Amino acid sequence: MVTIIHELGHYFFAKLFGGKVIVHIGTGNVLFNFGSIRIRKLYFYDGWCEYISLCKNATKLEKILVYLGGAFFNILSIVILNTLLLNGIFQPNIFFYQFTYFSFYFLFFSLFPINHLNGCPSDGMAAFNILTNRKFTNNPSN
C-alpha cells in the first residue's frame, strides 16, 4: 500500500500538469496492466514512474512537484491515518504502526539525494537537479 500511495502521488501531479506517465508497481516481469499501471511479479518490492511526457511548458515548480508528489502523498496518508486514530475512528493496532513506519522509511529513501546504480536519481536528487539545472536521464521535460 505504501508503494502504491507513493507512486500515485507522482502520477497525480504528472497528470495534473498534462503529462503522460506509466506507473510500475513492483519489479520483474509484468503480471498484468490496468490502464497505465503495470503490476509486476514482485509487486511488494519497489515501484517507479516512467514519464512518457510532461507538458513542455512545465515550470520548475511543476516538475519538482511531480518528483516530490510521492513523498507528499506518503505524508498525507500518515496525517490522515493519525487523524483517524486520534479521533477514535480507527483503533490503534500493529497494521497502522507498520504502515506509518514503512511510510517514513519510504519517505527517507525517496528524498535522500542519490543516483541509483541504474543511473536514475532518487526523487530528492531529481528535484535537486531541477533546482540546479542539471541534466539527468529520467528528466520529465519531454
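Here's a quick rundown of the structure. (Residues numbered from 1 in each chain as written. Predicted model: local features only at pLDDT ≥ 70, side-chain atom pairs only at ≥ 80, totals over all residues. Heavy atoms only, no water.)

Overview of the overall build of the protein chain
(1) Moving on: When you go through the protein chain residue by residue, the secondary structure sums to four helices and two strands.
(2) Moving on: What you see in the protein chain, going N to C, is helices and strands ordered as α-β-β-α-α-α.
(3) Moving on: Its C-alpha atoms give the protein chain a radius of gyration of 16 Å, within 12% of the compact-globule value 14 Å for 142 residues.
(4) Moving on: In terms of its C-alpha atoms, the protein chain occupies a principal-axis envelope of roughly 45 × 35 × 30 Å.
(5) Moving on: When each of the 142 residues of the protein chain is scored for burial, the buried share is 40%.
(6) Moving on: Within the protein chain, contacts between residues at least 6 apart in sequence are counted, and of these 54% link residues at least 24 apart.
(7) Moving on: Looking at the protein chain as shown, the accessible area adds up to about 8700 Å², and 67% of this sits on carbon and sulfur atoms.
(8) Moving on: For the protein chain, the distance from the average site of its 10 positive side-chain charges to the average site of its 5 negative ones is 7 Å. (Helix = DSSP H or I, 4+ residues; strand = E, 2+ residues; numbered from the N terminus. Rg over C-alpha atoms; globule rule 2.2 N^0.38 Å. Buried < 20%, exposed > 50% of the residue type's maximum accessible area, 1.4 Å probe, protein only. Contact = heavy atoms within 4.5 Å. Areas by Shrake-Rupley, 256 points an atom, 1.4 Å probe, with all protein chains shown as cover. Lys, Arg positive; Asp, Glu negative; His and termini not counted. Charge placed at Lys NZ, Arg CZ, Asp CG, Glu CD.)

Looking at helix 1 (residues 2-16)
Because each turn of an α-helix spans 3.6 residues, side chains separated by three or four positions in sequence point in the same direction.
(1) Moving on: End to end, helix 1 covers 21 Å across 15 residues, agreeing with the expected 21 Å (1.5 Å per residue, within 8%).
(2) Moving on: Residues Val 2, Thr 3, Ile 5, His 6, Glu 7, Gly 9, His 10, Phe 13 and Ala 14 constitute the buried set of helix 1.
(3) Moving on: In this structure, the buried side of helix 1 is in contact with strand 1 (20-34), strand 2 (37-53), helix 2 (60-86), helix 3 (94-111) and helix 4 (123-131).
(4) Moving on: Phi for Gly 18, located one or two positions after helix 1, is positive at around 85 degrees. (Expected span 1.5 Å × (residues − 1).)

Brief notes about the side chain of His 10
(1) Moving on: If you trace the backbone, His 10 turns up in helix 1.
(2) Moving on: In terms of polar contacts, His 10 uses its side chain to reach the backbone carbonyl oxygen of Tyr 67, at 3.4 Å. (Polar contact = N/O pair within 3.5 Å; in protein donor to acceptor, adjacent residues only side chain to side chain.)

Thoughts on the side chain of His 24
(1) Moving on: Tracing the chain through its elements places His 24 in strand 1.
(2) Moving on: Since its relative accessible area comes to 5%, His 24 is described here as buried.
(3) Moving on: A distance of 3.1 Å separates a polar atom in the side chain of His 24 from a polar atom in the side chain of Arg 40.
(4) Moving on: With sequence-adjacent residues up to four places away left out, His 24 is seen in contact with Glu 7, Arg 38, Arg 40, Gly 47, Trp 48 and Glu 50.

Some thoughts on the environment of Val 79
(1) Moving on: Along the chain, Val 79 turns up in helix 2.
(2) Moving on: Once the C-alpha coordinates of Val 79 and Tyr 51 are considered, the two residues, 28 residues apart in sequence, prove to be 28 Å apart.

Focus on the packing of helix 1 against helix 2
(1) Moving on: Interaxial distance between helix 1 and helix 2 falls to 7 Å at its minimum, and their mutual angle equals 135 degrees. Our classification of the angle between helix 1 and helix 2 gives oblique. Crossing of helix 1 over helix 2 shows right-handed handedness. Each of Val 2, Ile 5, His 6, Leu 8, Gly 9, His 10, Phe 12, Phe 13 and Ala 14 in helix 1 lies in contact with helix 2, whose residues at this interface are Leu 65, Val 66, Tyr 67, Gly 69, Gly 70, Ala 71, Phe 72, Phe 73, Asn 74 and Ser 77.
(2) Moving on: The residue inventory of the contact of helix 1 with helix 2, partitioned by class, reads twelve nonpolar, seven polar and no charged. (Axes fitted to C-alpha atoms, helices over the stretch in contact; angles between N-to-C directions. Parallel < 35°, antiparallel > 145°, perpendicular 65-115°, else oblique. Left-handed = near helix turned anticlockwise from the far one by under 90°. Nonpolar A, V, L, I, M, F, W, Y, C, P; charged D, E, K, R; others polar.)

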